[in-house]
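# What the coordinates show
Chain residues, written in single-letter form:
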Amino acid sequence: QSQELLQVRVDYHAALLALQEQGTRMVCTGKMHTDRICRFDYLCYCTEAEEFIFFHSNASVMLPNLGPRRFQPALLDLSSVEDHNTQYFNFMELPAAALKFMPKPVFVPDVTLILNRFNPDNLMHIFHDDLLPIFYTMSQYSDLDNEARLVFMEGWGEGPHFDLYRLLSSKQPLLKEQLRNFGKLLCFTKSYVGLSKMTTWYQYGFVQPQGAKANILVSGNEIRQFASFIMEKLNITREESPENDEYIVVFSRSINRLILNEAELILALAQEFQMKAITVSLEEHSLAEIIRVISGASVLVSMHGAQLITSLFLPRGAAMVELFPYAVNPEHYTPYRTLASLPGMDLHYVAWRNTIEENSVAFPDRPWEQGGIVHLDAEEQERILKSKEVPRHLCCRNPEWLFRIYQDTKVDIQSLLEVMRQTLKSKPSPKKVRPTSTVHPGRVREPKCQTSVQAANEARMTVSWQIPWNLKYLKVRDVKYEVWIQEQGENTYMPYILPHQNYTFSENIKPFTTYLVWVRCIFNKNLLGPFADVLMCKT
Ligand code: UDP
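In this structure, the largest pocket occupies an estimated 1200 Å³ of space. The wall of the largest pocket is formed by 44 residues, among which Asn119, Asn122, His125, Ala306 and Tyr406 lie closest to the centre. Elements that contribute at least two residues to the lining of the largest pocket include exactly α3 (123-140), α9 (335-341) and α11 (399-405). Here the lining of the largest pocket is built from residues that sort into 22 nonpolar, 15 polar and 7 charged. Of the voids in this model, the second largest pocket is the one considered here, and its volume is about 730 Å³. In this structure, the second largest pocket is lined by 30 residues; those nearest its centre are Ser80, Val81, Glu82, Lys197 and Lys213. Mapped onto the lining of the second largest pocket, the elements with two or more residues apiece are α3 and β12 (202-203). It is α3 that provides the largest number of residues to the lining of the second largest pocket, a total of 3 residues. Counted by class, the lining of the second largest pocket contains 10 nonpolar, 13 polar and 7 charged residues.

As C-alpha cells, this is what we get:
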C-alpha cells in the first residue's frame, strides 16, 4: 500500500531507464562539509545496508568531486549542528550496471529534503536545530515547496512534537525506519541533502563550552517571519489585547526543575506589575495553546529550560525573565538570552539566579541523567555539594552541571522583583514598540576634496559629497556622515562625525602631504553605510 502511494505519479519504466542511463547526478553548494547542501537526481537508499547509493554512469555528475576527501571527515553535515561526528552524511558508490543484480528500485516522486533532526525530544532543539533550519532551507530552493517530502534520517521515533514538523509541508514526513516499508532500494527522483545553518545562534559545547555562535547571521526579522508561519499553520491569531488587558505568563515545568513557590510568585508578579498572571506548562496545555497565550503576553517568566524557546512567539516589546537554579551562572548558558537579544527581536531580557542555597532542593539520588550524583566517588560528591558555581564545562554529561540544573528552586520574590525593576525600568509593553527601520544608507555620492596651502605649516582640506541615493526616498530621523582621514603611509586615522555634506579641515592638516579620505553615511546613530571610494587629497 505504501508502495502504491509512491508509485502512482512515476512512470516507472521511464524512471528506471533514466536511472540506468543517467545514473546519479549531484551538484552541491559550499566549500566545506559544514556549509554544504547537495542536490541530487536519483540518489538511492538501500534499506538493508542503511546506506545511500550513488550510481555511476557515463552521465553521472559529482560536484564537488572530492575523491577520498569525501571521507575526511564527510561530504556534509546532515543536521544543522556544526561538524558533529554522529551527524555526517556520505554515500556509497556503485556502477549503474549493478542495478541489474539488485532489487527493483522504488522511486520517490516528491522533491525530498533529507536531513537529521538533532534531538527531537527537546523543544529547544526542535525549533533551533530543526524547524528553523528546515524552514529556511526550503525557502532557499523553490522546488522545496508545500508539496515537498521531508525524510528524517537520524533514526529516532516521531518524538513528542512531531506535529510541528508536519506544519512544514503538506506531505507526511518520513522516518528512517519507515523507509524499509517501501522496499529494499529506494530512489529519490529529486532530493536535497543537508540543512542551512544560517539561522542557528547557539553552539551546545561539544568542542568549547556552550555559548552564542561566533558569527550570528540571523536577525529577529527572520525569526519572527518563521514564528508567523508557524502561528498561521496552527490557526493562531495574535491576541491584540487592549491596553489594560496585559498579562504575565509563568511557564512552569511539572516534572523537574520546579519553582516551589509558584503560587506566591504569581501573586507577587500580578501585584508588582498590576497585570493578570497565569501559568502554563507542557504537561497541562497543548503547545498550540501555549503559543497562543505567549504571543499576547507582556512578560514570560520561566526556569532555564527548553520551554523558553517559545519566547520566539512573544510580541515585540515583551520581556523574558529566565530563572537559574543555585550555583548555575546565567552568563554561561545563554541560548534564550541570545535569542532575545538578536537585533530586531525587540525583547527585554532579565536573568535571575538563586543565590540562597537553602532555597534549593537537590536530588543526588536520582539517575545520573536527571542530575543524580550518588554513582560518583565520595570525594567527588563532596566537592560538588560544596561548590558554589558549576565551572564552565563541555556538553553533555557533566554531573555537576546536571546536578545543579535539575534542582528545584524556591524563588526569593524580593530579589527577583528587584532585578526585574532594574532592567524593566518602564512597564514592559508590547503596545509601545514599533519595529525599527533596518534600511542602511547607500554610498555617499560624488565625494570630492579641495585643498589649499595657507602658509609653510598651515593647510586646509575641504571634503564634500552628495547624499546617498536612497536617502531621498526615506524619512530618517538622524542623518550623519563619518569621515576618516589618514596621512598616506601612516597606519592610524582620525575619524570625524559630521552633520552636513561638507567640511573644511584645518587642524592637523599639513602642507604638501597626501591624505586618504573615506566618507560614509550613518542613519539613526547605528545604521552604517558603505564607504565611498577612497579620495586622495594632496595639499
Ligand atoms: N520538559 C517539560 N517539563 C518538565 C521537564 C521537561 O515539559 O518538567 C520538557 C522540556 O521542555 C524539554 C524536554 O522535556 O522539551 C526535555 O527536558 P530536559 O530537562 O531534558 O531539557 P532542557 O529543558 O534542560 O533543555
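Back to the text.
A few words now on the sheet that holds strand β15 (residues 276-280). Taken in spatial order, the 5 strands make up an open sheet running β15-β14-β16-β17-β18, and their pairing is parallel. Edge positions in the open sheet fall to β15 and β18 (348-353), since each of these has one partner strand only. Adjacent strand axes in the sheet meet at a mean angle of 20 degrees when their direction is disregarded. Bridge count between strand β16 (residues 299-303) and strand β17 (residues 319-324): 5 bridges; the pairing is parallel. The residue of β17 that forms the bridge with Ser302 is Glu322. Along the sheet, helix α12 (residues 413-423) contacts β16, β17 and β18; its crossing angle with β18, the most-contacted strand, is approximately 155 degrees.

On to the site of the ligand, then. The environment of the ligand is formed by 14 residues, the closest being Arg253, Ile255, Glu283, Ala306 and Tyr406. For the ligand, an oxygen atom lies 2.9 Å from a polar atom in the side chain of Asn122. A distance of 2.7 Å is found between an oxygen atom of the ligand and a backbone nitrogen or oxygen belonging to Ile255. Burial of the ligand by the protein chains amounts to 76% of its free accessible area of 510 Å². For the shell around the ligand, the residue count by class is 5 nonpolar, 5 polar and 4 charged.

As a further point, take the confidence of the model for the protein chain. In the predicted model, the protein chain carries a mean pLDDT of 96, and the fraction of residues at 70 or more is 97%. Across the protein chain, the element-wise mean pLDDT spans from 54 in helix α1 (residues 2-7) up to 99 in α3. Scoring the predicted complex yields pTM 0.95 and, for the interface, ipTM 0.99.

On to the environment of Met461, then. Locating Met461 in the fold gives a position in strand β22 (residues 458-466). Given the relative accessible area of 0%, Met461 is considered buried. Met461 sits 12 residues away from Cys449 along the chain, and the two C-alpha atoms are 6.6 Å apart. Not counting residues up to four positions away in its chain, the partners in contact with Met461 are Cys449, Gln450, Thr451, Ile485, Tyr503, Thr504, Phe505, Ile509, Tyr515, Val517 and Cys537.

For the rest of this paragraph, the subject is the pattern of salt bridges. Within this structure, the stated rule accounts for 28 salt bridges. For Arg166, the salt bridge is made with Asp163, and the minimal N-O distance between the two is 2.5 Å. Of the two residues, Arg166 and Asp163 are both situated in helix α4 (residues 162-166); the distance of 3 residues between them amounts to about one turn of the helix. Asp478 is paired through a salt bridge with Lys525; the nearest N and O atoms lie 3.3 Å apart.

The next subject is the packing of helix α7 (residues 262-273) against α12. Where α7 contacts α12, the two axes come as close as 11 Å, and the packing angle between them is 35 degrees. Here α7 and α12 pass one another in a crossing that is right-handed. In this structure, α7 contributes Glu264, Leu265, Ala268, Leu269, Glu272 and Phe273 to the contact, and α12 contributes Ile413, Leu416, Leu417, Met420 and Arg421. Taken together, the residues of the contact of α7 with α12 break down into 8 nonpolar, no polar and 3 charged.

Scoring rules and cut-offs
Residues numbered from 1 in each chain as written. Predicted model: local features only at pLDDT ≥ 70, side-chain atom pairs only at ≥ 80, totals over all residues. Heavy atoms only, no water. 1 Å grid on protein atoms, 1.4 Å probe; cavity = no way out; pocket = protein on both sides within 12 Å on 5 of 7 lines; lining within 4 Å. Points joined across faces, edges and corners; volume = space filled by probe spheres on them. Helix = DSSP H or I, 4+ residues; strand = E, 2+ residues; numbered from the N terminus. Nonpolar A, V, L, I, M, F, W, Y, C, P; charged D, E, K, R; others polar. Pairing = 2+ DSSP bridges. Axes fitted to C-alpha atoms, helices over the stretch in contact; angles between N-to-C directions. Contact = heavy atoms within 4.5 Å. Near = heavy atom within 4 Å. Polar contact = N/O pair within 3.5 Å; in protein donor to acceptor, adjacent residues only side chain to side chain. Areas by Shrake-Rupley, 256 points an atom, 1.4 Å probe, with all protein chains shown as cover. pLDDT = per-residue confidence, 0-100. Buried < 20%, exposed > 50% of the residue type's maximum accessible area, 1.4 Å probe, protein only. Salt bridge = Lys/Arg side-chain N within 4 Å of Asp/Glu carboxyl O. Left-handed = near helix turned anticlockwise from the far one by under 90°.

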